[in-house]
Amino acid sequence: MRIYRTADYQEMSRSAARILAAQIQLKPDCVLGLATGSTPIGTYEELVRQYQAGWLDFSEVKSANLDEYRGLTRDNDQSYYYFMRQNLFRHINIKPENTHIPDGSQSDASAECTRYEHVLTQLGGVDLQILGLGHNGHIGFNEPADAFAQTTHCVDLTRSTIEANQRFFAREEDVPRQAYTMGIGTIMRARKILLLVSGSAKADILYASLRGPVTPQVPASILQFHPDVTVITDEAALSSFLRQ
Ligand code: GLP
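This text gives an overview of the structure that appears in the document. The model shown is predicted, which means the values in this text are computed figures rather than measured ones. (Residues numbered from 1 in each chain as written. Predicted model: local features only at pLDDT ≥ 70, side-chain atom pairs only at ≥ 80, totals over all residues. Heavy atoms only, no water.)

## Quick look at the site of the ligand
In the neighbourhood of the ligand, 13 residues make up the surrounding shell, with S38, T39, D67, R167 and K202 lying closest. Within the side chain of S38, one N or O atom sits 2.6 Å away from an oxygen atom of the ligand. Against a free-state accessible area of 390 Å², the protein chains account for coverage of 96% of the ligand. In the shell around the ligand, the residues fall into three nonpolar, seven polar and three charged. (Near = heavy atom within 4 Å. Polar contact = N/O pair within 3.5 Å; in protein donor to acceptor, adjacent residues only side chain to side chain. Areas by Shrake-Rupley, 256 points an atom, 1.4 Å probe, with all protein chains shown as cover. Nonpolar A, V, L, I, M, F, W, Y, C, P; charged D, E, K, R; others polar.)

Pasting the structure below:
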C-alpha cells in the first residue's frame, strides 16, 4: 500500500486525476470503477479539464459504479446515475453504453444484484477502482457488519450514513434507506484501488482503516489485504497518523 500525502483537497484531486489519466493512456479500453460522494468531485473536474484540453480520450473507456440508492429512478437528481452524468459523463466522450451503474429503480433486489455482477464479469473486471471513505469506514455502501459481503447486494443504510448523506436531500426522510452496492469481494477483485480521503473529519476512521485490525466492523480495513492500493489523502485526513 502506498500512501501519498497532499497539502489539500485540490492537490489530492490533481494527483488522483493524474493516476486515472495514466491508466487511460496505458490502457485506452480500461474499466474504471467509479465512486460518488463529495470526495471524487474535484478529481472528475480535473479529468474533464484534461479531456477539454485534448489530453484524454474516453472513447474506449468503460466504467462501473460502486453503488446506487434503491428506489431512486435515474432522473432523480439525488441518484448516483444523475450525479455521474452531471459531474463527469456529460462532459467527456465516454459512450453511454459503456457506463454501468446499478439500477435503483429495479425493485427485485436479487435480480438486479445478479445482473450487475454479470455486467462486471462481462467487462472482465475492474482495472482501477476509485473509492471514497464513509465516516463509519464504509466503502461503496458496505456498512459495518458481522461479515464481509462477497458480491453486489442490497444493504440497509445505517443511521450514521443516512445522517451524513442527508445534506444532499431536502429532508432527512427523503434519504433512501437502502442501496445496491458492489460487495467487498467485488471491490477486492479490482486490479488496482485508489482510495481518496480528505478532511479532518475522516482522520480517525482513515487511521482505523489502514492501521487498525481488519474487521467487517470497519469495512475499509479489508484494503490492507489488497496487493495494489494507492491512498491519496490530504494532511487534514492524515492528522491521526501524525499524532501516533
Ligand atoms: C457515500 C457513498 C460512498 C462514499 C461515501 C463518502 O455514502 N456511497 O461511495 O465514499 O459516501 O462520501 P463523501 O466523499 O461525500 O464523504
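Alright, that's what it looks like, and here's the rest.
## Overview of the environment of I162
Residue placement: I162 occurs in helix α5 (residues 159-165). When its relative accessible area of 4% is taken as the criterion, I162 is described as buried. Separated by 20 residues in sequence, I162 and N142 place their C-alpha atoms 13 Å apart. Apart from residues lying up to four places away in sequence, I162 is in contact with L157, E172, V175, P176 and R177. (Helix = DSSP H or I, 4+ residues; strand = E, 2+ residues; numbered from the N terminus. Buried < 20%, exposed > 50% of the residue type's maximum accessible area, 1.4 Å probe, protein only. Contact = heavy atoms within 4.5 Å.)

## Focus: the sheet that holds strand β5 (residues 99-100)
Pairing is parallel in the open sheet, where seven strands are placed in the order β1-β10-β9-β6-β2-β3-β5. This sheet does not close on itself; its edge strands, each paired only once, are β1 (2-6) and β5. Where strand β6 (residues 128-131) and strand β9 (residues 192-197) come together, four bridges link them in parallel fashion. Within the sheet, the bridge partner assigned to I130 lies in β9 and is L194. (Pairing = 2+ DSSP bridges.)

## Details of the nonpolar core
L88, L195 and L206 are the most contacted members of the largest nonpolar core, which totals 58 residues. The greatest single-element share of this core, amounting to six residues, is contributed by helix α1 (residues 9-26). Counting residues in hydrophobic clusters, the runner-up holds ten residues, among them Y69, L72, L157 and A179. (Core = buried A, V, L, I, M, F, W, Y, C linked by side-chain atoms within 4.5 Å.)

## A word on the sheet that holds strand β7 (residues 153-156)
Strand order across the open sheet formed by three strands is β4-β8-β7, with antiparallel pairing between neighbours. Looking at strand neighbours, the two that pair on one side only are β4 (67-69) and β7, the edges of this open sheet. Strand-to-strand twist across the sheet, computed as the mean angle between neighbouring axes with direction ignored, equals 25°. The pairing of β7 with strand β8 (residues 178-181) spans four bridges and is antiparallel. Along β8, the bridge assignment pairs H153 with T181. (Axes fitted to C-alpha atoms, helices over the stretch in contact; angles between N-to-C directions.)

## Concerning α1
Here α1 spans 26 Å end to end across 18 residues, near enough to the 26 Å set by a 1.5 Å rise per residue. Those residues of α1 lying buried are M12, S13, S15, A16, A17, L20, A21, Q23 and I24. The inward-facing, buried residues of α1 contact β1, β2 (31-34), α2 (41-52), β6, β9 and β10 (229-234). (Expected span 1.5 Å × (residues − 1).)

## A few points about the packing of aromatic side chains
Throughout the structure, instances matching the rule amount to six aromatic pairs. Ring geometry for Y207 against F241: centres 5.0 Å apart, planes inclined by 75°, an arrangement best described as edge-to-face. Here Y207 is found in helix α7 (residues 203-211), whereas its partner F241 is found in helix α8 (residues 239-243), with 34 residues between them in sequence. Overall, the relative accessible area of 16% leaves F241 in the buried class. Within the aromatic cluster, the residues linked to one another by ring pairs are Y69, Y80, F141 and F169. (Phe/Tyr/Trp six-rings, centres within 6.5 Å; stacked < 30°, edge-to-face > 60°.)

## Things to note about the side chain of T181
Structurally, T181 can be placed in strand β8. Residue classification places T181 among the buried positions, given a relative accessible area of 0%. At a separation of 3.0 Å, a polar atom in the side chain of T181 contacts the main-chain amide nitrogen of F141. Discounting chain neighbours no more than four positions away, the residues touching T181 are L66, D67, G140, F141, N142, T151, T152, H153 and V155.

## Topic: the packing of α1 against α2
The N-to-C vectors of α1 and α2 enclose an angle of 55°; their axes lie 8 Å apart at closest approach. In terms of axis orientation, α1 runs oblique to α2. The two elements α1 and α2 cross, and the hand of that crossing is right-handed. Contact residues: Y9, S13, R14, A16, A17, L20 and A21 in α1; I41, G42, T43, E46, L47 and Q50 in α2. Here the residues of the contact of α1 with α2 are counted per class, giving seven nonpolar, four polar and two charged. (Parallel < 35°, antiparallel > 145°, perpendicular 65-115°, else oblique. Left-handed = near helix turned anticlockwise from the far one by under 90°.)

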